[in-house]
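Below are the chains, spelled out letter by letter.
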Amino acid sequence: MMSRPFLLVQLSDPHIGAEWAEGDPVAGLAAAVASVRALGAIDAVLVSGDLADHATDEEYEGVKELLAPLDAPVHVLGGNHDDRGALRRHFGLPGSGAEPVQYSVALGLLRLVVLDTTRPGEDPGALDAGRLAWLDAELAAAPDSPTIVAMHHPPVLTGAPAWDELGLPRDDRLALGDVLRRHPQVLRLVAGHVHRAMTAELGGRPVLTVPSTYVQARLSFDARELELTPEPAGFGVHAVVDGALTSHVEPVR
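## Section: the side chain of Ser48
Logical step 1: If you trace the backbone, Ser48 turns up in strand β2 (residues 44-48).
Logical step 2: There is a polar contact of 2.7 Å between the side chain of Ser48 and the side chain of Ser12.
Logical step 3: Once residues lying within four places of it in the same chain are set aside, the contact partners of Ser48 are Gln10, Leu11, Ser12, Asp13, Leu77, Met151, His152, Ala191 and Gly192.

Encoded structure:
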């Protein structure tokens, strides 16, 4: 009989405190947490950015309270709506002040490496030489550990102009791909930001984005402005099954 898989759940873009779309972001995250709990025991949780909409202490404390019923270690990363210092204060993350929020953690059967793609005060992201050098060294330190690299901005083009203008510069994406090619233990890159599920490839590695728990973006290859759609919220479930990594995108029930 096959043993129960190791499960890393990925929630993204809850935007607690937001009022710019229909729906309640608090209710959205609470419903996502309830859907995750319906899966049974999980091993760890990743929140891939934009935890809060205004980066206030009250919003971050609200996120912590909403995630508490999951009863699993929570690992967070910053999005363009987040504040690095506030994330550190509320979630005990390494580093200080306004430095990029980057760290790695051994989850058991997986290693999670968090890479900061944000530019404080701006919506588009960036990966400068310092951040890429950090990633290169961090991956070199554990070459035999199956690894997920997590970030907020997906390191690929979506084909949707409104989102690609808010993504990572071409040179930064290519440089990240060069780093990944040196580290075959990286099994997946995961991200948020685009408020919808998407798969792609960079440096020979699969890339997956997951939906927001708040509101979803309409897929349009013509619109220059972001459009919202009443599609269901969702989350990712990364399962290690018999030594292999399988990723699911599950709708919020």
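## What to know about the layout of surface pockets
Logical step 1: Its boundaries defined by the atoms lining it, the largest pocket holds a volume of some 230 Å³.
Logical step 2: Around the largest pocket, the lining comprises 14 residues; the ones closest to its centre are Trp20, His81, Trp163, His195 and Leu226.

## Considerations on empty space enclosed by the protein
Logical step 1: Taken as a whole and assessed by the stated rule, the structure comprises two cavities of 30 Å³ or more.
Logical step 2: Roughly 70 Å³ of volume is contained in the largest cavity.
Logical step 3: Along the walls of the largest cavity sit Ala160, Ala162, Trp163, Ala217, Arg218, Ser220, Ala223, Glu225, Leu226 and Glu227, which together make up its complete lining.
Logical step 4: In the lining of the largest cavity, the residues fall into six nonpolar, one polar and three charged.
Logical step 5: Each pocket or cavity is described by its volume, and for the second largest cavity that value is around 60 Å³.
Logical step 6: Forming the walls of the second largest cavity are Pro154, Val156, Leu157, Thr158, Trp163, Asp164, Leu166, Gly167, Leu168, Arg173, His193 and Val194.
Logical step 7: In terms of residue class, the lining of the second largest cavity is built from seven nonpolar, three polar and two charged.

## Here's the deal with the environment of Phe6
Logical step 1: Locating Phe6 in the fold gives a position in strand β1 (residues 6-11).
Logical step 2: The class of Phe6 is buried, set by a relative accessible area of 9%.
Logical step 3: When residues no more than four places from it in sequence are discounted, the contact partners of Phe6 are Asp43, Leu107, Leu109, Leu110, His238, Ala239 and Val240.

## Comments concerning the packing of aromatic side chains
Pairs of aromatic rings are described using the distance from one ring centre to the other and the angle between the two planes.
Logical step 1: A complete count under the given rule lists two aromatic pairs for this structure.
Logical step 2: Ring geometry for Trp20 versus Tyr214: centroids 5.2 Å apart, planes at 80°, classification edge-to-face. You can see Trp20 sitting in the loop between β1 and α1 (25-37) and its partner Tyr214 sitting in the loop between β9 (205-209) and β10 (216-217), a full 194 residues away along the chain.
Logical step 3: The class of Tyr214 is buried, set by a relative accessible area of 9%.
Logical step 4: For the ring pair Tyr60 and Phe91, a centre distance of 6.4 Å and an interplane angle of 90° mean the geometry is edge-to-face. With a gap of 31 residues between them, Tyr60 in helix α2 (residues 57-67) and Phe91 in helix α3 (residues 84-91) connect regions that are remote in the sequence.
Logical step 5: Looking at Tyr60, the relative accessible area reads 0%, which means it is buried.

## Considerations on the pattern of salt bridges
Logical step 1: Enumeration according to the criterion identifies 14 salt bridges in this entry.
Logical step 2: Taken together, the shared-partner salt bridges connect Arg84, Asp116, Asp128 and Arg131 into one network.

## Considering the nonpolar core
Logical step 1: Formed by 46 residues in total, the largest nonpolar core has its most connected members in Leu11, Ile42, Leu51, Tyr60, Leu67, Leu70 and Phe91.
Logical step 2: Top element by residues in this core is β1. It accounts for five residues.
Logical step 3: Those residues within four positions of Tyr60 in sequence are excluded, and the remaining contacts are Leu51, Ala52, Ala55, His81, Asp82, Asp83, Ala86, Leu87, His90 and Phe91.
Logical step 4: Core analysis: the next-biggest nonpolar cluster, separate from the first, contains 19 residues, Leu127, Leu139, Leu168 and Val207 among them.

The rules behind the values
Residues numbered from 1 in each chain as written. Predicted model: local features only at pLDDT ≥ 70, side-chain atom pairs only at ≥ 80, totals over all residues. Heavy atoms only, no water. Helix = DSSP H or I, 4+ residues; strand = E, 2+ residues; numbered from the N terminus. Polar contact = N/O pair within 3.5 Å; in protein donor to acceptor, adjacent residues only side chain to side chain. Contact = heavy atoms within 4.5 Å. 1 Å grid on protein atoms, 1.4 Å probe; cavity = no way out; pocket = protein on both sides within 12 Å on 5 of 7 lines; lining within 4 Å. Points joined across faces, edges and corners; volume = space filled by probe spheres on them. Nonpolar A, V, L, I, M, F, W, Y, C, P; charged D, E, K, R; others polar. Buried < 20%, exposed > 50% of the residue type's maximum accessible area, 1.4 Å probe, protein only. Phe/Tyr/Trp six-rings, centres within 6.5 Å; stacked < 30°, edge-to-face > 60°. Salt bridge = Lys/Arg side-chain N within 4 Å of Asp/Glu carboxyl O. Core = buried A, V, L, I, M, F, W, Y, C linked by side-chain atoms within 4.5 Å.

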